[in-house]
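# Architecture at a glance
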Amino acid sequence: MPKDTSIKSVLIIGSGPIVIGQACEFDYSGSQSAKSLREEGIEVTLINSNPATIMTDKVTADNIYLLPLEVKSIIKILEAHKIDAVLPTMGGQTALNLALKCEDLGIWKKYNVRMIGVDIDAIKVTEDRDLFRIRMNEIGVAMAPSKIAKSFLEGKNVAQEFGFPLVIRPSFTLGGSGGSVVYEKENFDALLNRGLQTSPIHEVLIDKAVLGWKEFELELLRDQSDNVAIICSIENFDPMGVHTGDSITVAPAMTLSDSTYQRMRTMAIKMMRSIGNFAGGCNVQFAVSNDDKEDIIAIEINPRVSRSSALASKATGYPIARIASKLAIGYRLDELINQITKSTSAYFEPTLDYVIVKIPRWNFDKFKGCNRELGFQMKSVGEVMGIGRSFQEALQKACQSLEIKRNGLGADGREITNQQELLNALERPSWNRLFMIYDAMKIGISTKTIQKLTRIDMWFLGQIEEMIALENEISKFNISNLSKDLLYEAKQKGYADRQIAHLLKCLESEVFTKRDSLGIKRVFKLVDTCAAEFEAKTPYYYSTFEDENESVSSNKKKVVILGSGPNRIGQGIEFDYSCVHGVLAAKEMGYETIMINCNPETVSTDFSTADKLYFEPVFWEHIYDIILHEKPEGVIVQLGGQTALKLAEKLDRYGIKIIGTDFKSLDLAEDRGSFSNLLRDNDIPYPQFGVIKDAEEGIELSKELGFPLLVRPSYVLGGQSMKIVINEEELEQHVVKLLNDLPDNKVLLDHFLEGAIEAESDSICDGEDVYIIGIMEHIEPAGIHSGDSYAVLPPFDLSPNVIKQIEDHTRKIALALKTVGLLNIQFAIKDEVVYIIEANPRASRTVPFIAKAYREPYVNYATKVMLGAKLKDFKFTPYQKGYAIKVPVFSYEKFPEIQKELGPEMKSTGEAIYFIDDLYDEYFQNIYSERNLYLSK
């Protein structure tokens, strides 16, 4: 069936600001979808309120609306455009809920808009837990014993009937919000109340818990002719009881027998067909009993692209959102071409000859006092993916990608040896349970005991046990007498040179030299969707240690762009936005572009973004081997946040060119002492400060600087570990904590300017000229992290004198730092004097916000400047009308137990943009009153 030619214009609904449970995977899906539809000559209109996304760029859609995801915004779009169809499956739960609300209000019918990619019946059946249970019963698909409760009394009656443990699942929520496992009767009342309040329809499904069963997911696509393809099977390392977004996951499934997989496949297809008659994608989740029977029960089905869809797309090379969008407009699977092979059809199900491991990334350190135990409510803020020829190699590479001060799984001297602590951690899962399993095995706790406490499948535990046995064998040798075979085995299992050096008690460089001399070299394999049965045309690579290298280095001039790694608070989707624009700009300058990143949720790791994608940890060893292979002109580090910047020193030491601002200038901006000397030499005011080595020095310095003081470490992002202290006792406690947590870091003390107003500027410098792209004024006064503040562009009440000081300081600092590229500066304003808080010669989280407000591709310009262009080459024509407000968004609902007070350490998970015509706007007046409240305190 060819495409439906009656569909000429499609509205895509985005997912809004990033929150826990709904992150940048939907920017990837929305961008893929828009590109897919525009290829077909369809006009794409897109609505989203998140400015830090590629999907809201003019390179993605024909018409972009940065508006709140509300019914009145949809009506505004439908009044302005002739929309034939709406595609609500690319924006997560937010988009589905909005589409359903518009349907209930008759809006789609009024404007003659069809829904594609899903139908209303499917949304209602899958989101209403009672309807879903009834439908599964009708088609003979087993579920855990469960009942619906729409009131507190009904819930109590269900609990009395089922007994404990129980699972509470609220209807119409995302990321498992409000969900929980209830082990004891004493906790039930509070958790039931929370679940009922979280559900927008005040309804929960209460399941008899099947804790310890294994959890699996299947990603499906279906066309108008009812053809269904299974794109990927995913197995959770963690058993039932941990939200899949918080679980380590593996693809393809490792421990499932073929007969059970075929039964699961049949059930998934049956479920998808039963919920509605639509063409598009589905994610289906199952639980399988951990015994020889392998009984299967259905958990849920999502009739949209999901977090796992992005993972499955990157794992297989099969672009699910792209194909789902074409199916939604009428194509059959067999009419579409596989994007990797360019020869097989999209009906050809992917086959993997490698393994992928996804590990979530948490930010519990940002939520002091929060409950770190994992359960049915998702708490992670991001994820990484490792690709290897074996589970062990993929696992190590994923661990190396996390950026949690570990070199991989084990072999770094950071093991915990307290037996009782380990046993407690095994029974109640938290963010570090994988490492606790390793540590428990290391001190001799049996796999039988570990399996009993964790209920993790023995196959996975056996894999970790094998790794420890290998480490014990390596430890018997030194660098001079370690055999080639043993070193080769360690590298094939994913061990980093640093880990092997730890085991051999030698330097990392010695391990590299030895393996290089023995011919043990990293090679690169194609992700080809078909286990090498057909030739792959798309340059999407992962590394391993074998003989054949499938990555051919060209003679073209090329540039490497380092990605930003996993999403986390302080370093989110805005840096992926910058990386993607960096790639596009470098392509326009005639460079072959090479992207290195390990985040499966992002547009930067879409194989169609860069000329070559290396899905690898942003970890020195992997980067260095790629650079040795590709021999680029240089590396761009200022777009990938702190992840990329931290590698600048080593790149410089190894003689690798850093494109744009050089390492000395990057380091100067981070070294508070040197940077303050630069400010002094340029007659630029800054708060008095000092650098200390211990708490005693801190107390002495405090007598000179005076309280309150801002205490912070160097080289961090998102205000990590920053705190304002008001006396010597608080100062001593925080300095001791900082030096314990970050032993090799400097501690800075700044005199804190009470009652100051905060502002910031972003600019581009080519080494000679400076262009200020935007100046923003914060609503909250200084002391609240800029990422947690409302920011208004342009400033709303700064005097001309203050604006001139900001402009002058920006130009002086940009030139003094010898900036080539982007520069963000933060200011504190008190008594009409502008003080410098800090300067960051890199992409910032506010650049995408300014770019969307002024409709200019500033990162594109900045990248071209890094590559040799001059500012005079560009014609800047910013769209300036009214004001744009950057609105921070928090995920506090995931941590109801914590104090929600803001301070110098960032806590927001995302942001939205809001436009106003003038300062009399009610929204602005409401948030402006908050500033007055802060100042009055």
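Keep in mind that this is a model prediction, so the values were computed, not measured. (Residues numbered from 1 in each chain as written. Predicted model: local features only at pLDDT ≥ 70, side-chain atom pairs only at ≥ 80, totals over all residues. Heavy atoms only, no water.)

## Looking at the overall build of the chain
Summing up its helical and strand segments, the chain has 31 helices and 33 strands in all. For the chain, whose C-alpha radius of gyration is 27 Å, the value lies close to the compact-globule estimate of 30 Å for 937 residues. Across the 937 residues of the chain, 66% fall into the buried class. Accessible surface for the chain amounts to roughly 33500 Å². Of this, 48% is attributable to carbon and sulfur atoms. (Helix = DSSP H or I, 4+ residues; strand = E, 2+ residues; numbered from the N terminus. Rg over C-alpha atoms; globule rule 2.2 N^0.38 Å. Buried < 20%, exposed > 50% of the residue type's maximum accessible area, 1.4 Å probe, protein only. Areas by Shrake-Rupley, 256 points an atom, 1.4 Å probe, with all protein chains shown as cover.)

## Looking at the packing of helix α14 (residues 433-442) against helix α15 (residues 447-454)
A pair of packed helices is characterised by two quantities: the angle between their axes and the separation of those axes. With their axes 10 Å apart at the nearest point, α14 and α15 run at an angle of 155 degrees to one another. For the element pair α14 / α15, the angle class is roughly antiparallel. Two packed elements cross with a definite hand, and for α14 against α15 that hand is right-handed. The segment α14 lies against α15, with Arg 433, Ile 437, Ala 440 and Met 441 engaging Thr 447, Ile 450 and Thr 454. The residue makeup of the contact of α14 with α15, split by class, is 4 nonpolar, 2 polar and 1 charged. (Axes fitted to C-alpha atoms, helices over the stretch in contact; angles between N-to-C directions. Parallel < 35°, antiparallel > 145°, perpendicular 65-115°, else oblique. Left-handed = near helix turned anticlockwise from the far one by under 90°. Contact = heavy atoms within 4.5 Å. Nonpolar A, V, L, I, M, F, W, Y, C, P; charged D, E, K, R; others polar.)

## Describing the pattern of salt bridges
Counted according to the given criterion, the structure contains 58 salt bridges. The salt bridge partner of Arg 307 is Glu 25, with a shortest N-O separation of 4.0 Å. Of this pair, Arg 307 sits in helix α10 (residues 307-316) while Glu 25 sits in helix α1 (residues 25-39), and the two are 282 residues apart along the sequence. The exposure class of Glu 25 is buried, given its relative accessible area of 0%. For the salt bridge of Arg 498 with Glu 508, the shortest nitrogen-to-oxygen distance reads 3.3 Å. Separated by 10 residues along the polypeptide, Arg 498 in helix α18 (residues 497-504) and Glu 508 in helix α19 (residues 508-517) bring together distant segments of the chain. Classification of Arg 498 by relative accessible area gives partly exposed; the value is 26%. (Salt bridge = Lys/Arg side-chain N within 4 Å of Asp/Glu carboxyl O.)

## Considerations on the sheet that holds strand β3 (residues 63-65)
Sheet architecture is open: 5 strands sit in the order β3-β2-β1-β4-β5, paired in parallel fashion. The sheet is open, and its two borders are formed by β3 and β5 (114-115), each paired with just one other strand. (Pairing = 2+ DSSP bridges.)

## Focus on the sheet that holds strand β24 (residues 709-713)
Strand pairing in a sheet takes place through backbone hydrogen bonds and is either antiparallel or parallel in direction. Reading across from one edge, β23-β26-β24-β25 is the order of the 4 strands in this open sheet, with antiparallel pairing throughout. Only two strands of the sheet have a single partner each, and these edge strands are β23 (689-692) and β25 (723-725). For this sheet, the mean angle separating the axes of adjacent strands, direction not counted, is 25 degrees. In this structure, β24 lies alongside strand β26 (residues 747-751), joined through 5 bridges in antiparallel fashion. Residue pairing for β26: Pro 713 is matched across the bridge by Val 747. Contacts from helix α26 (residues 695-705) reach β23, β24 and β26 within the one sheet, and its direction differs from that of β23 by about 170 degrees. Where helix α27 (residues 728-741) meets the sheet, it contacts β23, β24, β25 and β26, and its direction lies at approximately 10 degrees from that of β24.

## Observations concerning helix α25 (residues 672-681)
Those residues of α25 that sit buried are Arg 672, Gly 673, Phe 675, Ser 676, Leu 678 and Leu 679. Looking one or two residues past α25, Asp 683 carries a phi angle of roughly 55 degrees, positive in sign.

## With respect to the pairing of strand β15 (residues 355-361)
The buried fraction of β15 is high, at 7 of 7 residues. Burial along β15 is two-sided: Val 355, Val 357, Ile 359 and Arg 361 and Ile 356, Lys 358 and Pro 360, pointing in opposite directions, are all buried. Bridging between strand β12 (residues 249-251) and β15 involves 3 bridges; their strand directions are antiparallel. Note on β15: the bridge partner recorded for Thr 249 is Lys 358. Bridge count between β15 and strand β16 (residues 382-388): 7 bridges; the pairing is antiparallel. In the strand pairing of β16, Pro 360 is matched with Glu 383.

## Re the packing of α15 against helix α16 (residues 458-474)
Packing of α15 against α16 leaves a shortest axis separation of 10 Å and a crossing angle of 135 degrees. Put simply, α15 runs oblique to α16. Every pair of crossing elements has a handedness; the one defined by α15 and α16 is right-handed. Contacts between α15 and α16 involve Thr 447, Ile 450 and Gln 451 from the first element and Met 458, Leu 461 and Glu 465 from the second. Here the contact of α15 with α16 is composed, by residue class, of 3 nonpolar, 2 polar and 1 charged.

## Thoughts on unusual backbone geometry
Trans peptide bonds make up the majority, and among non-glycine residues the majority have a negative phi. With an omega of 0 degrees, the peptide bond running from Phe 707 to Pro 708 counts as cis. Here the amide bond leading from Leu 793 into Pro 794 is cis, since omega sits at -5 degrees, within 30 degrees of zero. In this structure, Pro 794 sits in the loop between β29 (791-793) and α28 (800-816). In this structure, Lys 505 takes a positive phi of about 55 degrees despite not being glycine.

## Regarding the side chain of Ser 313
Considering the arrangement of structural elements, one finds Ser 313 in helix α10. Ser 313 sits in the buried class, given a relative accessible area of 3%. There is a polar contact of 3.2 Å between the side chain of Ser 313 and the backbone nitrogen of Ile 320. Every residue in contact with Ser 313, bar those within four places of it in the chain, is listed here: Tyr 28, Tyr 318, Pro 319 and Ile 320. (Polar contact = N/O pair within 3.5 Å; in protein donor to acceptor, adjacent residues only side chain to side chain.)

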